[in-house]
Amino acid sequence: MIEILKPTELPLARETGALVAGILQTLKARSTVGTNLLDIDRQAQAMIAEAGALSCYVDYAPSFGRGPFGHYICTSVNDAVLHGLPFDYELADGDLLSLDLAVSLGGIVADSAISFVVGESPQPESLALIDATERALKAAIAAAGPGVHIGDLSHAIGKVLNAAGYEVNTEFGGHGVGSTMHQDPHVSNIGRPGRGYRLRPGLLLALEPWVMADTAKLVTDADGWTLRSATGCRTSHSEHTIAITDDGAEIMTLPKA
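Structure report, in brief.

What counts, and at which threshold
Residues numbered from 1 in each chain as written. Predicted model: local features only at pLDDT ≥ 70, side-chain atom pairs only at ≥ 80, totals over all residues. Heavy atoms only, no water. Axes fitted to C-alpha atoms, helices over the stretch in contact; angles between N-to-C directions. Helix = DSSP H or I, 4+ residues; strand = E, 2+ residues; numbered from the N terminus. Parallel < 35°, antiparallel > 145°, perpendicular 65-115°, else oblique. Left-handed = near helix turned anticlockwise from the far one by under 90°. Contact = heavy atoms within 4.5 Å. Nonpolar A, V, L, I, M, F, W, Y, C, P; charged D, E, K, R; others polar. Salt bridge = Lys/Arg side-chain N within 4 Å of Asp/Glu carboxyl O. Buried < 20%, exposed > 50% of the residue type's maximum accessible area, 1.4 Å probe, protein only. Pairing = 2+ DSSP bridges. Phe/Tyr/Trp six-rings, centres within 6.5 Å; stacked < 30°, edge-to-face > 60°.

1. Section: the packing of helix H1 (residues 10–30) against helix H2 (residues 37–50)
Part 1 of the reasoning: Direction vectors running N to C along H1 and H2 enclose 150 degrees, while the axes themselves pass 11 Å from each other. As far as their axial angle goes, H2 and H1 are roughly antiparallel. Judged by the sense of rotation from one axis to the other, the crossing of H1 with H2 is right-handed. Here H1 contributes Ile-23, Thr-26, Leu-27 and Arg-30 to the contact with H2, which in turn contributes Ile-40, Gln-43, Ala-44, Met-47 and Ile-48.
Part 2 of the reasoning: In terms of residue class, the contact of H1 with H2 is made up of six nonpolar, two polar and one charged.

2. Some remarks on the pattern of salt bridges
Part 1 of the reasoning: Under the criterion given, the structure shown has five salt bridges.
Part 2 of the reasoning: Residue Arg-14 pairs with Glu-250 through a salt bridge whose shortest N-O separation is 2.7 Å. On the criterion of sequence distance, the pair formed by Arg-14 in helix H1 and Glu-250 in strand E14 (residues 248–251) is long-range, its members being 236 residues apart.
Part 3 of the reasoning: A relative accessible area of 36% places Arg-14 in the partly exposed class.
Part 4 of the reasoning: By relative accessible area, which is 26% here, Glu-250 ends up partly exposed.
Part 5 of the reasoning: Between Asp-131 and Arg-135 there is a salt bridge, and its shortest N-O distance comes to 2.8 Å. Taken together, the residues span about one helical turn, with Asp-131 and Arg-135 both in helix H3 (residues 124–143) at a distance of four residues.
Part 6 of the reasoning: In this structure, a network of salt bridges that share partners links the residues Asp-79, Asp-221 and Arg-228.

3. Regarding the pairing of strand E13 (residues 240–245)
Part 1 of the reasoning: Most of E13 sits inside the fold, with six of its six residues counted as buried.
Part 2 of the reasoning: Because side chains alternate across E13, one face comprises the buried residues His-240, Ile-242 and Ile-244, and the other comprises Thr-241, Ala-243 and Thr-245, equally buried.
Part 3 of the reasoning: Bridge analysis of strand E8 (residues 204–207) against E13 gives four bridges, and the strand direction is antiparallel. Residue pairing in the sheet places Leu-207 in a bridge with His-240 of E13.
Part 4 of the reasoning: Both E13 and E14 contribute to a ladder of four bridges, which runs antiparallel. Across the sheet, the residue bridging to Ile-242 is Ile-251, located in E14.
Part 5 of the reasoning: Connecting E13 to the next strand, E14, in antiparallel fashion are two residues.

4. Observations concerning the packing of H3 against helix H4 (residues 150–163)
Part 1 of the reasoning: Where H3 contacts H4, the axes come no closer than 8 Å and their chain directions differ by 150 degrees. Overall, the two elements H3 and H4 adopt an arrangement that is roughly antiparallel. In the crossing of H3 with H4, the sense of the turn from one axis to the other is right-handed. Only Asp-152, Leu-153, Ala-156, Ile-157, Val-160 and Leu-161 of H4 make contact with H3, whose side of the interface consists of Ala-132, Thr-133, Arg-135, Ala-136, Ala-139, Ala-140 and Ala-143.

5. Things to note about the packing of aromatic side chains
Part 1 of the reasoning: In this structure the tally under the stated criterion is seven aromatic pairs.
Part 2 of the reasoning: An angle of 70 degrees between the planes, with centres 6.4 Å apart, marks the rings of Tyr-60 and Phe-64 as edge-to-face.
Part 3 of the reasoning: On the basis of relative accessibility, which here comes to 22%, the residue Tyr-60 falls in the partly exposed class.
Part 4 of the reasoning: Members of the aromatic cluster, each reached through a chain of ring pairs, are Tyr-57, Tyr-60, Phe-64, Phe-69, Phe-172 and Trp-225.

6. So, the pairing of strand E2 (residues 74–77)
Part 1 of the reasoning: Neither face of E2 is open: one carries Cys-74 and Ser-76, the other Thr-75 and Val-77, and all of them are buried.
Part 2 of the reasoning: Bridge count between E2 and strand E4 (residues 96–105): four bridges; the pairing is antiparallel. Its bridge partner being in E4, Thr-75 is matched across the sheet by Leu-99.

7. Regarding unusual backbone geometry
Part 1 of the reasoning: The step from Gly-67 to Pro-68 runs through a cis peptide bond, and the omega angle for that step is 0 degrees.
Part 2 of the reasoning: Here Pro-68 is to be found in the loop between strand E1 (54–55) and E2.
Part 3 of the reasoning: In this structure, Pro-185 follows Asp-184 across a cis peptide bond, with omega equal to 5 degrees.
Part 4 of the reasoning: Tracing the sequence through the fold places Pro-185 in strand E7 (residues 183–187).
Part 5 of the reasoning: Non-glycine residue Asn-78 carries a positive phi angle of around 60 degrees.
Part 6 of the reasoning: Relative to the helices and strands, Asn-78 is located in the loop between E2 and strand E3 (80–82).
Part 7 of the reasoning: Phi at His-83 takes a positive value of approximately 60 degrees, unusual for a residue other than glycine.

Structure below.
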């Protein structure tokens, strides 16, 4: 299903996006050396409830996971890149942490992910990974607009990631959002320009470049959810929800300055 929001629904999408962005920035600031992943999850739960929003994850049970997910945020550390199931782990100096959050507020979903290094000892490899996914995300957003093809966004992402020296996995990518978290169209992180669905004003898309340092192969953790790099290398994941507008795209999940 491809869902197109009415102009009157866009303010609510902005509100949901601002909530997701605010929670992620708060959790980033609180994610210090010694912070437990389960504490991050509990804090996310509390902030979602306080806002009167609903988690898109806690009851989520898709075919690719051992569901239901049972937690409120994805916490992926180092070689984990997607769907990181929170567990009893205390963050260490230099850990690369990705936080992925989707909530529904007033019936509209926003989805976003950030990656950052914990503590004061960032590895150059970690910073390069984060930089590549953030630049790929910016390139896709810059390419988005009415009449643009999905393949144009995929091409913009893949071009940046490939130029940075990374292989691109096509098993998971971006997607439409709206009244539910995962909708069509699928947005691969590599593609051919001029191909695929033409974007329309009112379409919400969650664009999410993610990459692994030296492989494109994923393995599933014993928890049935967490996806890790097959080689144990580090990873990064960046994501924004955007709305296609009459003259381009608006980022719904952009943090406040």
